[in-house]
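Descriptive analysis of the structure
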Amino acid sequence: GASTLTSRASLRAHICAGHLAHVMAAHSPLSAILAEEAGFDGIWASGFELSALYGLPDVSLVSMTRHLDMVRSMAEQSSLPIIADIDTGFGNAINVIYAIEQYERAGAAAVVIEDKAFPKVTSLLADGRQELIRTEEFAGKIRAAVATRADADFLVIARTEALIAGLGEAEALKRARAYEEAGADMILIHSKRKTPDEVESFVRAWRGEVPIVIVPTAYPEMNESRIRALGKIAMVIYGNHAIRAAVTAMKDVFTRIRADGGIHRIDPEIVPVEEIFRLQKMDAVKANEDRFLW
Ligand code: SPV
Ligand code: MG
């Protein structure tokens, strides 16, 4: 898009100016490139998507180094700010200190840390076994993150799973308040309710100063015009639509090739190999061949 954000400073400025940041999940540098070309304002380095890419459930199995490596690889290929999903922060506040140092160096613009116990269980599962840590303990993790960041524009986003865990709005508000006091730049409120009412009620009741982040995967009717009308929300994350799009497309194409007995019918319906060359920046290789392969 015309107003593509290209740094930590611009992400913070965008949010402080009251604009809504549109953030797309990615699970690879290639999906990050496509999200940038589509005009999103940021990349969600989703733990769910990366777990799924490895064929694993999202239950703290993907190590910090594996996730960090992906963040670095995305930062090499996309200039968009990367919002890193660091789950529980890989342990206690001591682990969070190391994680913040690493993610900041890897080029992330923000981290989201959630108040679940390690190992976490994925949020959207209907009967997920959800366990939260004490509010004071999680506030300590947020204070550790804020104290550790070197760049003041690096955003520390505190995510409460109180609604996901079925603890109710009062507990969610109490936790969000404590996390704001601990220094969080934004509060992510997550819900697996199929309708927006639970999140809308939280947002209306929120009296804090910091803006809210939502991930409306479970309640897709909460579109951008409804989000704007509600106010207080500064970031919307489309949490797993890159991996779901990839699965949809691959299933369809693979099935068709088997059914058609070859690639002859699908060929004109998928991007040509030249489009992959473009995404790989093969033109730069050609130019360098002319310059240097003498
Ligand atoms: C993720 O994308 O990894 C998230 C969002 O944390 S959710 O899967 O809905 O918990
Ligand atoms: Mg996650």
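Residues numbered from 1 in each chain as written. Chains lettered and ligands numbered in written order. Predicted model: local features only at pLDDT ≥ 70, side-chain atom pairs only at ≥ 80, totals over all residues. Heavy atoms only, no water.

1. Overview of the overall build of the chain
A tally of regular secondary structure across the chain gives 12 helices and eight strands. The C-alpha atoms of the chain give a radius of gyration of 20 Å, which matches the 19 Å a tight globule of 294 residues would have. Here the C-alpha coordinates of the chain stretch approximately 60 × 45 × 35 Å along the principal axes. Burial analysis of the chain (294 residues in total) assigns 51% to the buried set. The long-range share in the chain, meaning contacts at least 24 apart out of those at least 6 apart in sequence, stands at 70%. (Helix = DSSP H or I, 4+ residues; strand = E, 2+ residues; numbered from the N terminus. Rg over C-alpha atoms; globule rule 2.2 N^0.38 Å. Buried < 20%, exposed > 50% of the residue type's maximum accessible area, 1.4 Å probe, protein only. Contact = heavy atoms within 4.5 Å.)

2. Describing the site of ligand 1
Taken together, Trp44, Ser46, Gly47, Phe48, Asp85, Ser123, Leu124, Arg159, His190 and Gly239 make up the full set of residues near ligand 1. Within the contact set of ligand 1, an oxygen atom lies 2.9 Å away from a side-chain nitrogen or oxygen of Trp44. One of the side-chain N or O atoms of Ser123 is found 3.5 Å from an oxygen atom in ligand 1. Protein burial of ligand 1: of its 280 Å² of free accessible surface, 99% is covered by the chains. The residue makeup of the shell around ligand 1, split by class, is three nonpolar, five polar and two charged. (Near = heavy atom within 4 Å. Polar contact = N/O pair within 3.5 Å; in protein donor to acceptor, adjacent residues only side chain to side chain. Areas by Shrake-Rupley, 256 points an atom, 1.4 Å probe, with all protein chains shown as cover. Nonpolar A, V, L, I, M, F, W, Y, C, P; charged D, E, K, R; others polar.)

3. Comments concerning the nonpolar core
Tyr103, Phe202, Ile214 and Ile233 are the most contacted members of the largest nonpolar core, which totals 62 residues. Not counting chain neighbours up to four residues away, the residues in contact with Ile233 comprise Leu20, Val203, Ile212, Ile214, Met222 and Ile227. (Core = buried A, V, L, I, M, F, W, Y, C linked by side-chain atoms within 4.5 Å.)

4. A few points about a nonpolar patch on the surface
Residues Val271, Val273, Ile276, Phe277, Met282 and Val285 make up a contiguous nonpolar surface patch of roughly 470 Å² in combined accessible area. At the level of elements, α11 (273-279) and α12 (282-292) are the ones that each hand at least two residues to the nonpolar patch. A per-element tally of the nonpolar patch places α11 first, with three residues. By the secondary structure assignment, Val285 is in helix α12. (Patch = residues over 30% accessible without salt bridge, like charges linked within 9 Å, V, L, I, M, F, W, Y side chains within 5 Å. Salt bridge = Lys/Arg side-chain N within 4 Å of Asp/Glu carboxyl O.)

5. Looking at the packing of helix α7 (residues 169-181) against helix α8 (residues 197-205)
Following both chains from N to C, one finds α7 and α8 inclined at 50 degrees, their axes separated by 10 Å at the closest point. On the basis of the axis angle, α7 is oblique to α8. Judged by the sense of rotation from one axis to the other, the crossing of α7 with α8 is right-handed. Here α7 contributes Glu169, Ala172, Leu173 and Ala176 to the contact with α8, which in turn contributes Glu198, Ser201, Phe202 and Ala205. (Axes fitted to C-alpha atoms, helices over the stretch in contact; angles between N-to-C directions. Parallel < 35°, antiparallel > 145°, perpendicular 65-115°, else oblique. Left-handed = near helix turned anticlockwise from the far one by under 90°.)

6. Looking at the packing of helix α4 (residues 64-77) against helix α5 (residues 93-106)
Axis separation between α4 and α5 bottoms out at 9 Å; the angle between their running directions is 25 degrees. For the element pair α4 / α5, the angle class is roughly parallel. Seen from above, α4 lies across α5 with right-handed handedness. Every residue of α5 that contacts α4 at Met64, His67, Leu68, Val71, Arg72 and Ala75 is listed here: Tyr98, Ala99, Gln102, Tyr103 and Ala106. Here the residues of the contact of α4 with α5 sort into eight nonpolar, two polar and one charged.

7. Quick look at the side chain of Lys141
Relative to the helices and strands, Lys141 is located in helix α6 (residues 135-148). No salt bridge is formed by the buried Lys141; the nearest opposite charge belongs to Glu137, separated by 5.5 Å. When near neighbours in sequence (up to four residues on either side) are disregarded, Lys141 contacts Thr88, Gly91, Asn92, Ala93, Val96 and Ile133. (Lys, Arg positive; Asp, Glu negative; His and termini not counted.)

8. Topic: the environment of His27
Inspection of the secondary structure assignment puts His27 in the loop between β1 (21-26) and α2 (29-37). By relative accessible area, which is 8% here, His27 ends up buried. Remark: the alpha-carbon pair of His27 and Ala284, spanning 257 residues in sequence, is separated by 25 Å. The residues contacting His27, other than those within four sequence positions of it, are Glu49, Leu50, Leu53, Met70, Met74, Ala242, Ile243 and Ala246. At a separation of 2.8 Å, a polar atom in the side chain of His27 contacts the side chain of Glu49.

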